[in-house]
Amino acid sequence: MIQRLGPWLRFWGMFALSFLVATIVLIIAIWPSRDPSVIADLRAPECEEWRQLADDSGPYYYPEPGETCRGIRLFRYEQHQTLRTEADYDAFLLKEGARRALVSLGAWAAFSALMYALGLFARKVVVAMLNRSSRRTG
């Protein structure tokens, strides 16, 4: 099978494969992980009021270091979501990780398809130029 592929297709295949490996490494690197301060706030009884707020309510300012329940408040400030349990937090992290993975794989697929199309186009241009020059000399 690989002997029947032309040189540019072999090059494109190696490029797409190496780019896929790099994309998988990137997905592993950007996969979200648990924040210990958020987990501590989800377990703390003094942070109960922050776990019961509606998604559209506070905080409307960036929580300063040292404030009580800063981890969960910072999460609410950045994500505009309420976390009630650790299961909610794990579900959020899984959803966010899957979203990032799909975006990365989509970018890989689009870029690989673009490189394939450019390779086809370049091959046709080169063949046309070679045919034109051979007609002039022949």
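Refer to the preceding data block for the structure.
Residues numbered from 1 in each chain as written. Predicted model: local features only at pLDDT ≥ 70, side-chain atom pairs only at ≥ 80, totals over all residues. Heavy atoms only, no water.

Looking at this structure, how should I read the overall build of the protein chain?
Counting its secondary structure elements, the protein chain contains five helices and zero strands. Relative to its length of 138 residues, the protein chain is extended, with a C-alpha radius of gyration of 26 Å against a globular reference of 14 Å. Dimensions of the protein chain along its principal axes, counting C-alpha atoms only, are 90 × 30 × 25 Å. Taken over 138 residues, the protein chain has a buried fraction of 24%. Across the protein chain, contacts joining residues at least 24 apart in sequence account for 61% of those joining residues at least 6 apart. Positive and negative side-chain charges of the protein chain, numbering 17 and 14 respectively, have mean locations separated by a distance of 27 Å. (Helix = DSSP H or I, 4+ residues; strand = E, 2+ residues; numbered from the N terminus. Rg over C-alpha atoms; globule rule 2.2 N^0.38 Å. Buried < 20%, exposed > 50% of the residue type's maximum accessible area, 1.4 Å probe, protein only. Contact = heavy atoms within 4.5 Å. Lys, Arg positive; Asp, Glu negative; His and termini not counted. Charge placed at Lys NZ, Arg CZ, Asp CG, Glu CD.)

I tried to follow the nonpolar core on my own but got confused; where do I start?
The nonpolar side chains of a soluble globular protein tend to be buried, and buried together. In terms of nonpolar packing, the biggest core is built from 13 residues, with Val38, Leu42, Cys69, Ile72, Phe75, Leu83 and Tyr89 touching the most fellow members. Ignoring anything within four residues of it in the chain, the contact list for leucine 42 reads Arg51, Ile72, Leu83, Arg84, Thr85, Glu86 and Tyr89. (Core = buried A, V, L, I, M, F, W, Y, C linked by side-chain atoms within 4.5 Å.)

So what exactly am I meant to see when it comes to the environment of proline 36 here?
Along the chain, the position of proline 36 falls in helix α2 (residues 36–43). Proline 36 gets classed as exposed once you look at its relative accessible area, which sits at 65%. In the structure, proline 36 is positioned 35 residues away from glycine 71 in sequence and 8.2 Å away in space, judged by C-alpha atoms.

Could you clarify how one ought to interpret the packing of helix α1 (residues 7–30) against helix α5 (residues 86–137) in this entry?
When two helices pack together, their arrangement is given by the angle between the helix axes and by the axis-to-axis distance. Relative orientation of the contacting elements α1 and α5 amounts to 165°, with a least axis distance of 10 Å. If you check the angle between α1 and α5, you find them roughly antiparallel. As α1 runs across α5, the sense of the crossing is right-handed. Between α1 and α5, the contacting residues are Trp8, Leu9, Trp12, Phe15, Ala16, Phe19, Leu20, Thr23, Leu26, Ile27 and Ile30 on the first element and Arg100, Ala101, Ser104, Leu105, Trp108, Phe111, Ser112, Met115, Tyr116, Gly119, Leu120 and Arg123 on the second. (Axes fitted to C-alpha atoms, helices over the stretch in contact; angles between N-to-C directions. Parallel < 35°, antiparallel > 145°, perpendicular 65-115°, else oblique. Left-handed = near helix turned anticlockwise from the far one by under 90°.)

Please explain a nonpolar patch on the surface as it appears in this structure.
Among the surface-exposed residues, Leu17, Val21 and Val25 lie close enough to one another that they form a single nonpolar patch of about 280 Å² accessible area. Inspection of the secondary structure puts valine 21 in helix α1. (Patch = residues over 30% accessible without salt bridge, like charges linked within 9 Å, V, L, I, M, F, W, Y side chains within 5 Å. Areas by Shrake-Rupley, 256 points an atom, 1.4 Å probe, with all protein chains shown as cover. Salt bridge = Lys/Arg side-chain N within 4 Å of Asp/Glu carboxyl O.)

In short, shape yes, function no, at least from these values alone.
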